[in-house]
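Single-letter residue listing:
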Amino acid sequence: MALLPKCGFQVLLPHGVVVAGSPLDGVLELAVPGDIPRAQRVELFFRSRAWAGYGSGNSRSVVRRDLFVSPVRTDLPANMPLAQGTHRFPFQLDIPPWLPPQFAGPDCGIEHVIEARLDVDWAIDPTSRTVPVVVMPSREGHRAPAIVRSPDGFHAELVIEVSLGSRVVAQGEPVSGTIALRSGRDARFDAVLVSYASVATMRMGRKDQRRGKSLTARIPAERLRGGDGVPFVIPSDASIHPTFHNGFIDHDVVLRVSVEIPWASDPSFDFSLEVLPPRSTVHGDPFAVPVGSERLRQISAAMAGATGLREGRPPVLAEGAVGAVDVRVADGPRQGHLGLDVDITYPDIELGIVFRPLGMLDGFRASPLLPERLQAGYLLRVEPQPGRPGLAEPALASFIAALTDDLGGAVEVRLSDHHLGMHFALADDESARMAAVALFARKKAQAIADAIAQLPFPTAVESSRPAWEATAREHSAILVPTGPSLHRLVFASRLLGGEERVFGAAIRTTWGGEGPSTCVDVDLTTAPLPKDACAEIANESVRLRGVLAAFPAVQALQPDRVTLERPGFTPDPRSLLPGIELFVSWVLESRGERRAVQAYR
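Please read these numbers as outputs of a predicted model, since none were measured by experiment.

Rules and cut-offs
Residues numbered from 1 in each chain as written. Predicted model: local features only at pLDDT ≥ 70, side-chain atom pairs only at ≥ 80, totals over all residues. Heavy atoms only, no water. Helix = DSSP H or I, 4+ residues; strand = E, 2+ residues; numbered from the N terminus. Buried < 20%, exposed > 50% of the residue type's maximum accessible area, 1.4 Å probe, protein only. Lys, Arg positive; Asp, Glu negative; His and termini not counted. Salt bridge = Lys/Arg side-chain N within 4 Å of Asp/Glu carboxyl O. Polar contact = N/O pair within 3.5 Å; in protein donor to acceptor, adjacent residues only side chain to side chain. Contact = heavy atoms within 4.5 Å. Pairing = 2+ DSSP bridges. Axes fitted to C-alpha atoms, helices over the stretch in contact; angles between N-to-C directions. Expected span 1.5 Å × (residues − 1). Phe/Tyr/Trp six-rings, centres within 6.5 Å; stacked < 30°, edge-to-face > 60°. Lys NZ or Arg CZ within 6 Å of the ring centre and 35° of its normal. Parallel < 35°, antiparallel > 145°, perpendicular 65-115°, else oblique. Left-handed = near helix turned anticlockwise from the far one by under 90°.

**Concerning the side chain of aspartate 417**
Moving on, step 1. Mapped onto the elements of the fold, aspartate 417 is located in the loop between β28 (412-415) and β29 (419-426).
Moving on, step 2. Buried charge without a partner: aspartate 417 forms no salt bridge, and the closest opposite charge is arginine 388, 7.7 Å away.
Moving on, step 3. From its side chain, aspartate 417 meets the backbone nitrogen of isoleucine 353 in a polar contact 3.0 Å long.
Moving on, step 4. The residues contacting aspartate 417, other than those within four sequence positions of it, are Tyr346, Pro347, Asp348, Ile349, Glu350, Leu351, Gly352 and Ile353.

**Examining the sheet that holds strand β30 (residues 478-480)**
Moving on, step 1. Taken in spatial order, the six strands make up an open sheet running β30-β31-β32-β33-β35-β34, and their pairing is antiparallel. Two strands lie at the open edges of the sheet, namely β30 and β34 (553-558), each paired on one side alone. On average, each strand axis in the sheet is inclined to that of its neighbour by 25 degrees, with strand direction left out of account.
Moving on, step 2. Here strand β33 (residues 515-523) runs beside strand β35 (residues 561-567); their pairing, made up of seven bridges, is antiparallel. Counted as the bridge partner of valine 522 is valine 562 from β35.

**Comments concerning the pattern of salt bridges**
Moving on, step 1. Here the structure, examined in full by the defined rule, presents 44 salt bridges.
Moving on, step 2. Linking arginine 388 and glutamate 350 is a salt bridge whose minimum nitrogen-to-oxygen distance equals 3.0 Å. Taken as a pair, arginine 388 in the loop between β27 (378-382) and α4 (393-404) and glutamate 350 in the loop between β25 (338-345) and β26 (353-357) lie far apart in primary sequence, 38 residues in all. Exposure class is identical for arginine 388 and glutamate 350. Each is buried.
Moving on, step 3. Look at the salt bridges and you will find they share partners, linking Arg149, Glu161, Arg182, Arg295, Asp331, Asp428 and Asp429 into a network.

**Thoughts on the side chain of arginine 182**
Moving on, step 1. For arginine 182, the location among the structural elements is in strand β15 (residues 175-183).
Moving on, step 2. A polar contact of 2.9 Å, which involves the side chain of arginine 182, links it to the side chain of aspartate 331.
Moving on, step 3. When neighbours within four sequence positions are excluded, arginine 182 is seen to be in contact with Arg149, Val159, Glu161, Leu296, Ile299, Asp331, Pro333, Leu338, Asp429 and Met434.

**Some thoughts on unusual backbone geometry**
Moving on, step 1. Put simply, proline 314 and proline 315 share a cis peptide bond, and its omega is 10 degrees.
Moving on, step 2. The omega torsion across glycine 483 and proline 484 is -5 degrees, close enough to zero to call that bond cis.
Moving on, step 3. Positive phi is not limited to glycine here, since tryptophan 122 has a value of about 60 degrees.
Moving on, step 4. Secondary-structure assignment places tryptophan 122 in the loop between β8 (108-120) and β9 (127-130).
Moving on, step 5. By relative accessible area, which is 69% here, tryptophan 122 ends up exposed.

**Remarks on helix α2 (residues 292-307)**
Moving on, step 1. With 16 residues, α2 extends 23 Å from end C-alpha to end C-alpha; this agrees with the ideal 22 Å at 1.5 Å per step.
Moving on, step 2. Within the sequence span of α2, burial applies to Gly292, Ser293, Arg295, Leu296, Ile299, Ser300, Met303, Ala304 and Thr307.

**Describing the packing of aromatic side chains**
Moving on, step 1. Inspection of every chain in the model, using the stated rule, returns seven aromatic pairs.
Moving on, step 2. Centre to centre, the rings of phenylalanine 154 and phenylalanine 269 are 5.3 Å apart; their planes meet at 90 degrees, and the pair counts as edge-to-face. Here phenylalanine 154, found in the loop between β12 (146-149) and β13 (159-164), pairs with phenylalanine 269, found in strand β20 (residues 268-276); they are 115 residues apart in sequence, far enough to count as distant.
Moving on, step 3. Among the residues examined, phenylalanine 269 registers a relative accessible area of 7% and is labelled buried.
Moving on, step 4. Lying over the aromatic face of tyrosine 54, arginine 206 brings its terminal NZ or CZ to 4.0 Å of the ring centre.
Moving on, step 5. We note arginine 210 situated over the ring of tyrosine 54; from NZ or CZ to the ring centre the distance is 4.7 Å.

**Topic: the packing of α2 against helix α5 (residues 431-453)**
For any two helices packed against each other, one specifies the inter-axial angle together with the distance between the axes.
Moving on, step 1. Relative orientation of the contacting elements α2 and α5 amounts to 45 degrees, with a least axis distance of 9 Å. Classed by the angle they form, the pair α2 and α5 counts as oblique. As α2 packs across α5, the resulting crossing turns out to be right-handed. Contacts from Ile299, Ala302, Met303, Ala306 and Thr307 in α2 reach Ser431, Met434, Ala435, Ala438, Leu439 and Arg442 in α5.

Structure (structure tokens):
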């Protein structure tokens, strides 16, 4: 009998592949060129093994684990040689549904083999190894549109949004989406890279992740700085395997977004895709969720509809006037965190409010006017200018409460005599949540407007309150009693050509050591003074004689802003209107413009 019996092996598989999760009905075919005495049995092993290497040289180690082993044994008739010829041995194996395909990653892999052996007593057994093609069964999936944003702490200035038509795709399909900057349009960077990449996690080893092959789309910074969404398409590649998890080596396909920053490390973030096996069916039509400026416009419309404010121009989302108060809500990401900035601006109440975060040396300084929540982080003092009558404690406490009570969860507060600013941190930019912040801002603005109207006049001029209130009513102006002052006075003049010039003005009472005086601030934005007119003011030109009779001091702080002053308190501000109208006429005359109607209103 030969010590080395000869035998050929061939493994016949249906359609030539092994489908995970399906019974495998195959045939092991033996080609025997001559009789083989003492052949005892035919053995077949289906074996799947995962491996991962670590280190190199003398420190090299390899972790190996069997994922799946299934043996098949067929005994041959005793005391009979295996005759010359071809012998067929059918076999059936139950292949588990989680069995992954063949995988070759960075110093790791998953291998499948069918080992066959003819057990011959007192001889060297003939063997063979066949590498089968293992495929994952096709599946059905549903398209799941998604928007993904760079995580907190990604970059000090940049917030990136990516919209995908679906996070569920079949292997071989291209991946398409839209990318946009939510903030950081002035940040220093060259491009944003979007990569479709393979990531293997060594569950059986050190739980480390290894990045494999990737396909990348590069979007230059110039295309992103405008804030609009930039579409991208990454072609398919069958060499990147579908998603599979088995507890030994898990394979994920991710979309990696990284930023090219010169002379600095490139920040990046990943989010996973579900890639189905080939020939899978994905139901539903792909559609992308808006990102960047388009998304902000949708949020702006939702805010305006919920609050009655008007839509803003991004980053401003909603703005408008609520009585004497202007409110503005703007998109305000910070340090990679989403947020909203709310700014409520009102006429200067001239109380001398000093408000700032507590410093290291302020630990023992209390702010009794602030609510308890703000006392832990801020210091408030009220320091009126010398000569200005102070506000009684109850009235002051009531007004500060209107400003600082119920700040709606703001994480940062700014406060002055004419401004309340708040920053709200957001986990997401869901429209309903952002509209709720805008609605809160509008209600807060209304509360501040009501509180300003209830402020008292200085005791020394309390008797003049009816005249100031009447002027405010007659001219649709805003009265701030603590000055007193009038804001948003309007003086309009129609020119001979039909064009209209509109000037804004504010009448203020200033207080000093020598008593009160009256100032009128005139806004000339729509009709700035020419240089010759500024020189006339400095030289007290004869053409200004009528104006100087009403206001002995005229100061042109800028070509578009002039202050008219007169000593003493003005009991009835209506007496100032002819002088203001005379000044407006001089401005138009200095510009070479003639009025169609001379009477003031």
